[in-house]
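Below, each chain spelled out in residue letters.
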2 protein chains.
Amino acid sequence: MTASSRFDVLTIGNAIVDVIAPVEDDFLINQQLIKGSMRLIDTDEAERLYKLMASGIEVSGGCAGNTAAGAASFGVRTAFIGKVADDHLGRVFRHDIGAVGVHFATSPLIDGAPTARSMILVSPDGERTMNTFLGACQHLTAADIDPELVGSASIIYLEGYLWDPPEAKIAFRHAAEAAHAAGRDVAMTLSDSFCVDRYREEFLELLRSGTVDIVFANESEAKALYETADFNAAIAALRQDARLAAVTLGARGSLVVTREETWQVGVTPVEQLVDTTGAGDLYAAGFLAGLARGQALTNCAELGGVAAGEIISHYGARPQVSLAQLARQSGFAI
Amino acid sequence: MTASSRFDVLTIGNAIVDVIAPVEDDFLINQQLIKGSMRLIDTDEAERLYKLMASGIEVSGGCAGNTAAGAASFGVRTAFIGKVADDHLGRVFRHDIGAVGVHFATSPLIDGAPTARSMILVSPDGERTMNTFLGACQHLTAADIDPELVGSASIIYLEGYLWDPPEAKIAFRHAAEAAHAAGRDVAMTLSDSFCVDRYREEFLELLRSGTVDIVFANESEAKALYETADFNAAIAALRQDARLAAVTLGARGSLVVTREETWQVGVTPVEQLVDTTGAGDLYAAGFLAGLARGQALTNCAELGGVAAGEIISHYGARPQVSLAQLARQSGFAI
């Protein structure tokens, strides 16, 4: 028995502004960067890399922030919790997430590290390699998790990247408890395969203990979680561990996995692939928006595909059009 | 008789970071904003408007800065003079213009106004309405114009917008004198028709006195300069006043006007019109790059068209690909 909800979706994650610039494959090789990975960097490395980067654009990002912006663009009631500093980038982040209608009331960090930024190098094939300076993000603590706010959202969604800042990990568990205490569902994304490598045992424990009900992953994250090269084996294991899993397959769409059933849902190919940054985040946005509206799971996956398709056709991981309108034009209920 | 040049093109203008967001036509009407115009705003209005704006992207801009970045992308040796503050946006501007190979050594403003920003509202038709907070720009002075640097560039290019900050106007004249003293050419853009309305007499005097040799304009600026609705009359007058004029005609290409001749040069239509911000700036970049390389005037106009076509196919007024490569692929010499 749950109370009526104030929000449909609440996402919690690292509040990051993206600095996006194109890069040639050679640059990644020379800098010994692994294409498609996210790595954490300190101030010195951030300065060094920024000097070498091409001219770029700055746009609010952060996985859970992107998912919140996407969900709001579908017209569902959305809130976000994350830590920015009281600086220029923090104000940009706050403006952008507010401008799409997301409730964001986490107090900024005062007199501490600056707002987090991720330098995203986009290769000619649209793949992105992320270099993240966490800054203020590292100071998201359990005190920032308002149990009343958490309990007022139908689904909360947390990112695996929260395992990187030590205090955020505690905040993650705190939020999951508050959500379950209010009878809500807890979803998480595995974030990336390198993140899974860092925290495999803990992520498995989150699923097996029921701390997390719904899991979002891509192929390489699913395989990394079970340390297998066999995708089918990973899906079989995931089916046992999670009540519901949504696994993205790139251009082939996604797989929706429950204890009893599996559906593969395709996507319409995009005309122009520019930058895959945010594809997974926006897939989750569409899926969660569908869930919040009580749609069938296959329709949730279709909505995820619509949102991911929009985001990869331009630089930046925040939608440039109304996703609700786009979904309806594509013939999907929302 | 001129000494050999260190730079091909030197541009001088307001150093601005653009904050770009999509907007519906209704918003412009409700806010009483004139579509396609640039207006100057103060801190309070900047704050008010930013609150109302949609989620956006930040990207280095400023007309002369865009032109410098474009010229460098064509592979010509380029320098820029403009004033930023020693703040986050100032560092972004410095990084971005340096990353494309533009020499930029103007000292930042310390303990003064923040770096200038322009809130650019992009309508569904790709038109942009600019709201500019000049900040540090207003403190570009004659002291920032190094006569040796100015004299070392084959062509200097100044923006009409420099007439807005009172001290920058003096810097403009100072630069033109230094260039002519070194036997160089002075080009200027009329910037926009509202700017022409503000400074018509002074702009005409710049042309008629020979302070400016080459003028860049679009149709509405040319008509505004001579207070006529008759485009042909404006061109006839411009032919008398300027040694060389390049007048952009939007999708119809451009007109190159000398005392003796006129050429109309077409453009390849773009596949996707996203945002016309920077179209004129990049046209000038291509034209100046061609001039610097001693190309025929019609080829200069073609290069301008290639650069403008690239810039309007995405958000932001800085090229996302090598313009030299793009021009060669399109069959033009550079």
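Residues numbered from 1 in each chain as written. Chains lettered and ligands numbered in written order. Predicted model: local features only at pLDDT ≥ 70, side-chain atom pairs only at ≥ 80, totals over all residues.

### Things to note about helix α7 (residues 193–208) of chain B
Residue and element names in this part refer to chain B.
- Its 16 residues give α7 an end-to-end C-alpha distance of only 19 Å, which falls more than 12% under 22 Å, the value for a rise of 1.5 Å per residue.
- Of all bends in α7, the biggest is about 85°, found at Tyr 199.
- Listed as buried for α7 are Ser 193, Cys 195, Val 196, Tyr 199, Phe 203, Leu 206 and Leu 207.
- At its buried positions, α7 is contacted by β10 (185–189), β11 (214–218), α8 (219–225) and α9 (231–241).
- Where α7 terminates, the next one or two residues include Gly 210, which has phi positive at roughly 80°. (Helix = DSSP H or I, 4+ residues; strand = E, 2+ residues; numbered from the N terminus. Expected span 1.5 Å × (residues − 1). Bend = angle between axes of the 7 residues up to and from the residue. Buried ≥ 20, exposed ≤ 12 C-beta atoms within 10 Å, placed from the backbone. Contact = placed C-beta atoms within 7 Å.)

### Observations concerning the nonpolar core
- With 234 residues, the main nonpolar core has Ile156(A), Ala175(A), Leu288(A), Ile156(B), Ala175(B) and Leu288(B) as its most contacted residues.
- In this structure Ile156(A) touches Leu10(A), Ile12(A), Val150(A), Ala175(A), Ala179(A), Arg184(A) and Val186(A), once residues within four positions along its chain are discounted. (Core = buried A, V, L, I, M, F, W, Y, C linked by C-beta atoms within 7 Å.)

### Overview of the pairing of strand β1 (residues 7–12) of chain A
All names here are of chain A.
- Within β1, six of the six residues are buried, which leaves it mostly tucked inside the rest of the structure.
- Note: β1 against strand β9 (residues 153–159), five bridges, orientation parallel. Pairing of Phe 7 across the sheet is with Ala 153, part of β9.
- The pairing of β1 with strand β5 (residues 78–81) spans four bridges and is parallel. In the sheet register, Ile 12 faces β5, and the bridge partner there is Ile 81. (Pairing = 2+ DSSP bridges.)

### Remarks on the sheet that holds strand β12 (residues 244–248) of chain B
All names here are of chain B.
- Pairing in this open sheet of nine strands is mixed, and the strands run β6-β5-β1-β9-β10-β11-β12-β13-β14 from one edge to the other. Each edge of the open sheet is held by one strand with a lone partner, namely β6 (103–104) and β14 (262–265).
- As defined by bridge partners, β10 adjoins β11 across three bridges and the pair is classed as parallel. Along β11, the bridge assignment pairs Met 188 with Val 215.
- Against the sheet, helix α10 (residues 279–292) makes contact with β1 (7–12), β9 (153–159), β10, β11, β12 and β13 (254–258), and its axis sits at roughly 165° relative to β9, the strand it touches most. (Axes fitted to C-alpha atoms, helices over the stretch in contact; angles between N-to-C directions.)

### Observations regarding unusual backbone geometry
- Phi is positive for Gln32(A), close to 55°, though the residue is something other than glycine.
- With respect to the helices and strands, the residue Gln32(A) is situated in the loop between α1 (25–30) and β3 (38–40).

### Looking at the packing of helix α3 (residues 63–73) of chain A against helix α10 (residues 279–292) of chain A
All names here are of chain A.
- Taken N-terminus to C-terminus, the directions of α3 and α10 make an angle of 45°; their axes are 8 Å apart at the nearest point. Taken together, the axis directions place α3 and α10 in an arrangement best described as oblique. Relative to α10, the crossing made by α3 is right-handed. Residues Cys 63, Asn 66, Thr 67, Gly 70 and Ala 71 of α3 form the contact with α10, whose participating residues are Asp 281, Leu 282, Ala 284, Ala 285, Gly 286, Leu 288 and Ala 289.
- Taken together, the residues of the contact of α3 with α10 sort by class into seven nonpolar, four polar and one charged. (Parallel < 35°, antiparallel > 145°, perpendicular 65-115°, else oblique. Left-handed = near helix turned anticlockwise from the far one by under 90°. Nonpolar A, V, L, I, M, F, W, Y, C, P; charged D, E, K, R; others polar.)

### With respect to the confidence of the model for chain A
- Averaged over every residue, the pLDDT of chain A is 94; the share at 70 or more is 99%.
- Interface confidence for the predicted complex, given as ipTM, is 0.80, next to a pTM of 0.87. (pLDDT = per-residue confidence, 0-100.)

### Topic: α10(B)
Residues and elements named next belong to chain B.
- Helix length check: α10 (14 residues) gives 20 Å between terminal C-alpha atoms against 20 Å at 1.5 Å per residue, within 8%.
- Of all 14 residues that make up α10, 14 are buried, and the element is covered over most of its length.
- Directly after α10, the chain includes Gly 294, whose backbone phi takes a positive value near 70°.

### Considering the environment of Gln264(A)
Residues and elements named next belong to chain A.
- Within the element layout of this structure, Gln 264 appears in strand β14 (residues 262–265).
- A residue is classified by how many C-beta atoms lie within 10 Å of it, and Gln 264, with 14 of them, is partly exposed.
- Ignoring anything within four residues of it in the chain, the contact list for Gln 264 reads Gly 253 and Leu 255.

### Considering the sheet that holds strand β10 (residues 185–189) of chain A
Residues and elements named next belong to chain A.
- Read from one edge to the other, the open sheet built from nine strands follows the order β6-β5-β1-β9-β10-β11-β12-β13-β14, with strand pairing classed as mixed. The two strands at the open ends of the sheet, each matched to only one other strand, are β6 (103–104) and β14.
- Running over the sheet, α3 touches β1, β5, β9 and β10 and is turned about 165° from β5.
- Relative to the sheet, α10 contacts β1, β9, β10, β11 (214–218), β12 (244–248) and β13 (254–258), its axis offset from that of β9 by approximately 165°.

### Section: the interface of chain B and chain A
- Between chain B and chain A, the residue contacts involve 21 residues of the former and 21 residues of the latter.
- Looking at the side of chain B that touches chain A, the element that brings in the most residues is helix α4 (residues 88–99) of chain B, giving six residues.
- The residue makeup of the side of chain B that touches chain A, split by class, is eleven nonpolar, seven polar and three charged.
- The pairing of strand β4 (residues 57–60) of chain A with strand β4 (residues 57–60) of chain B spans three bridges and is antiparallel.

### Thoughts on the relation of the copies chain B and chain A
- Between chain B and chain A, which share one sequence, the superposing operator has a rotation angle of 180° and an axial displacement of 0.0 Å; the RMSD is 0.0 Å. Such values leave the two copies arranged in the relation of a two-fold axis. Identified as the residue of chain B closest to the rotation axis by C-alpha distance is Glu58(B), at 2.5 Å.
- When the interface residues of chain B are mapped onto chain A, 100% of them again lie at the interface, so the same face is used by both copies. (Least-squares fit on C-alpha atoms with pLDDT ≥ 70 in both.)

### Overview of the environment of Phe104(A)
All names here are of chain A.
- For Phe 104, the location among the structural elements is in strand β6.
- Residue Phe 104 is classed as partly exposed on the basis of its 19 C-beta neighbours within 10 Å.
- Residues Phe 104 and Ser 73, spaced 31 residues apart in sequence, show a C-alpha to C-alpha distance of 15 Å.
- The residues touching Phe 104, leaving out its near neighbours within four places in the chain, are Phe 80, Arg 94, Ile 97 and Gly 98.

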